[in-house]
Amino acid sequence: MINQYALKLDKELTSSQLRDLSLVVTDERRKKSERYLYTKDIERSLVSEALLIYLLKEKYLMKNKDIIFSYSQYGKPFLKGSKLEFNISHSGDWIVCTIADNPVGVDVEIIQFLDFKSIYRTFSKEEILYFSDLDLAQTENLFFKLWTLKESFVKYNGKGLIYPFDSFSIDITNLSIFIDDSNIEDVSFYSKKLDDEHWYAICYHSNEELPEIQFLNLNEILDYYESC
């Protein structure tokens, strides 16, 4: 069973709220957030891990002492001593989190202008053909849809650069994936826009059930930690 969660950062956090969040996240996350120059980056960093901890405690009834994060040899985070799998992503105004019984990968990206021609080389030859004869708006939209799908697979696989983006192709018409021209049948995808400016994708094992995304309120998370 997979649970998908999405939270919108729809307001600027106060210094008191940021302080409360910094006290509940890991030392590693707190130190990482301190290196950011912009407030929005600090907020996304702290809220994303605070959201995960909140979900593990409130939805999965885990105790603080049991929430220990570690990393695989490829850098994918996991819960030490637990069979639960999780993945987090944040971009623009959104933070997304998935928790599942099997490996899962999730990605969210804000649609923005990029020098697409210089980035196409990161896609497979088959995928580059999708962009033929598209105007700028269509290119931006398709690019970030495809990017989130590919990113979600890399995060699902958890082996980082062992799967560079040009080494596999995603058929966007039926959301299937091909590696060396072979269809990988035990992997499924879900893709949608969270709003007009953000694409979201999740990659998961095909035998998993995928319920709808649960949208959480930022105040719910902030109030929870303020009362702790």
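Here, the structure is the one placed above.
In this text the structure is predicted, and so the values were computed from the model without any measurement.

### Considerations on the layout of surface pockets
Put simply, the largest pocket is a space of about 680 Å³. Taken together, the elements giving at least two residues each to the lining of the largest pocket come down to helix H2 (27-34), helix H3 (39-58), strand E2 (69-71), strand E4 (85-91), strand E6 (104-110) and helix H6 (136-157). Among the elements that make up the lining of the largest pocket, the one with the highest residue count is E4 (5 residues). Grouping the constituent residues of the lining of the largest pocket by class yields 10 nonpolar, 9 polar and 9 charged.

### Some details on the side chain of His 198
Along the chain, His 198 falls in strand E11 (residues 198-205). Overall, His 198 belongs to the buried group, its relative accessible area being 0%. A distance of 3.1 Å separates a polar side-chain atom of His 198 from the backbone nitrogen of Asp 93. Once residues within four sequence positions are removed from consideration, His 198 is found in contact with Ser 91, Gly 92, Asp 93, Trp 94, Val 108, Glu 109, Ile 110, Lys 192 and Lys 193.

### Some points on the environment of Leu 218
By secondary structure assignment, the location of Leu 218 is in helix H7 (residues 218-226). Taking the C-alpha atoms as reference, Leu 218 lies 8.9 Å from Val 47; in sequence the two are 171 residues apart. Non-local contacts of Leu 218, meaning those with residues more than four positions away in its chain, are made with Leu 7, Lys 8, Leu 9, Asp 10, Lys 11, Leu 13 and Val 47.

### Things to note about the pairing of E6
Most of E6 is tucked away: 6 of the 7 residues are buried. As paired strands, E6 and E11 are joined by 7 bridges and run antiparallel to one another. Residue pairing for E11: Gly 105 is matched across the bridge by Cys 203.

### Re the packing of helix H1 (residues 15-24) against H7
Taken N-terminus to C-terminus, the directions of H1 and H7 make an angle of 70°; their axes are 10 Å apart at the nearest point. On the basis of their axis angle, the class for H1 and H7 is roughly perpendicular. Seen from H1, the contacting residues are Gln 17, Asp 20, Leu 21 and Val 24; seen from H7, they are Leu 222, Tyr 225 and Glu 226. Its residues assigned to classes, the contact of H1 with H7 shows 4 nonpolar, 1 polar and 2 charged.

What counts and how
- Residues numbered from 1 in each chain as written.
- Predicted model: local features only at pLDDT ≥ 70, side-chain atom pairs only at ≥ 80, totals over all residues.
- Heavy atoms only, no water.
- 1 Å grid on protein atoms, 1.4 Å probe; cavity = no way out; pocket = protein on both sides within 12 Å on 5 of 7 lines; lining within 4 Å.
- Points joined across faces, edges and corners; volume = space filled by probe spheres on them.
- Helix = DSSP H or I, 4+ residues; strand = E, 2+ residues; numbered from the N terminus.
- Nonpolar A, V, L, I, M, F, W, Y, C, P; charged D, E, K, R; others polar.
- Buried < 20%, exposed > 50% of the residue type's maximum accessible area, 1.4 Å probe, protein only.
- Polar contact = N/O pair within 3.5 Å; in protein donor to acceptor, adjacent residues only side chain to side chain.
- Contact = heavy atoms within 4.5 Å.
- Pairing = 2+ DSSP bridges.
- Axes fitted to C-alpha atoms, helices over the stretch in contact; angles between N-to-C directions.
- Parallel < 35°, antiparallel > 145°, perpendicular 65-115°, else oblique.

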